[in-house]
Amino acid sequence: KKMLTLKARLGLFEKGYSPYVNLENLEQRMIVDENLELMQQLAKNSMTVMYNGNTQGYGIPVKFEGKKVAYVGYKNPTLGREFAAVANKYGQVDTVILDKDASLAALRDARNKLRGHDLIIFGFNDTDQRPHKNYGINHDDISFITEWAKEQPMIAVYQGSPYAFTKIHGYKNFTALVLAYSPNQANNFAAAQVVFGGIPAIGVLPVTAADYKVGHSITIPERFREEYFNFIGSEQEVAENNIVTLNASDAA
């Protein structure tokens, strides 16, 4: 109702605009091939590095030399596996996937499994855009993750609303933070390549959020490694890349 009122005030209905959705063919595949290129381009241009504390080589782009690198995919197994598959195109990245119902105990188990690693990339892949849903944030989990980031260098990839940063106390414990805006395949694919230097980071913050003003960004204007143009993440790649899935029962 609020959006329709705004559109009416702007005179859109006077120009032949109809608020009604044509339900015909909605069950068919909504994303056609000709739209994929546009979606990927939008994702590539919007990835925003909020900060990049690249002290001792623990920032973006990730450096593998002399380091054991790991990735944790948080509560969206599909996106987690796809990110891991891209990551392993660039170097050895040991991976733990936390499933949708993973408990705090599963997070503890993930930390224990990865204690020997020099750098962790943490993918916040299951988020919510709605403030009244607390942006999908579980405070116990977030507190654990940000405390973990004090113990080991950790890059965060947050696929959600920038407004959520006000709910993530301790988010500056991460060595670097990539804002990927939405948990979908195109953004996930672009975020992975930003982290490893496959594409430049040129996005800017579109709103004021937490300590950051609209227009903020840390730009990385050039790429350092190969760029990939087609989505990656087949079952074969998952099997080959040492990807471990943890859930509540695994950590019990």
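Residues numbered from 1 in each chain as written. Predicted model: local features only at pLDDT ≥ 70, side-chain atom pairs only at ≥ 80, totals over all residues. Heavy atoms only, no water.

Side note on the nonpolar core
- Within the largest apolar cluster, 37 residues are counted, with the highest numbers of intra-cluster contacts made by Val62, Phe83, Ile121, Val195 and Phe196.
- Residue assignment for this core shows that the elements contributing at least two residues are strand E2 (69-74), helix H3 (77-90), strand E3 (93-98), strand E4 (119-124), strand E5 (154-158), strand E6 (176-179) and helix H6 (185-196).
- Looking at this core, the element that brings in the most residues is H6, giving 8 residues.
- Residues contacting Phe196, with those up to four places away along its chain left out, are Pro61, Val62, Phe64, Phe83, Ala87, Tyr90, Val93, Ile121 and Arg225.
- Counting 35 residues, the second-largest nonpolar core is a separate cluster that includes Tyr51, Ala102, Phe144 and Ile168. (Core = buried A, V, L, I, M, F, W, Y, C linked by side-chain atoms within 4.5 Å. Buried < 20%, exposed > 50% of the residue type's maximum accessible area, 1.4 Å probe, protein only. Helix = DSSP H or I, 4+ residues; strand = E, 2+ residues; numbered from the N terminus. Contact = heavy atoms within 4.5 Å.)

Examining the packing of aromatic side chains
- Evaluated as defined, the whole model comprises 15 aromatic pairs.
- Seen in terms of ring centroids, Phe144 and Trp148 are 6.2 Å apart; in terms of plane orientation they differ by 65°. Their pairing is edge-to-face. Remark: Trp148 and Phe144 occur in helix H5 (residues 139-151); sequence separation between them is 4 residues, near one turn of the helix. For the residue pair Phe144 and Trp148, the accessibility class agrees, reading buried in each case.
- With a centroid separation of 5.2 Å and an interplanar angle of 70°, the aromatic rings of Phe189 and Phe231 are classed as edge-to-face. With Phe189 in helix H6 and Phe231 in the loop between H6 and helix H7 (235-240), the pair connects residues that are 42 residues apart, well separated along the chain.
- A relative accessible area of 6% places Phe189 in the buried class.
- On the accessibility criterion, Phe231 (28% relative accessible area) is partly exposed. (Phe/Tyr/Trp six-rings, centres within 6.5 Å; stacked < 30°, edge-to-face > 60°.)

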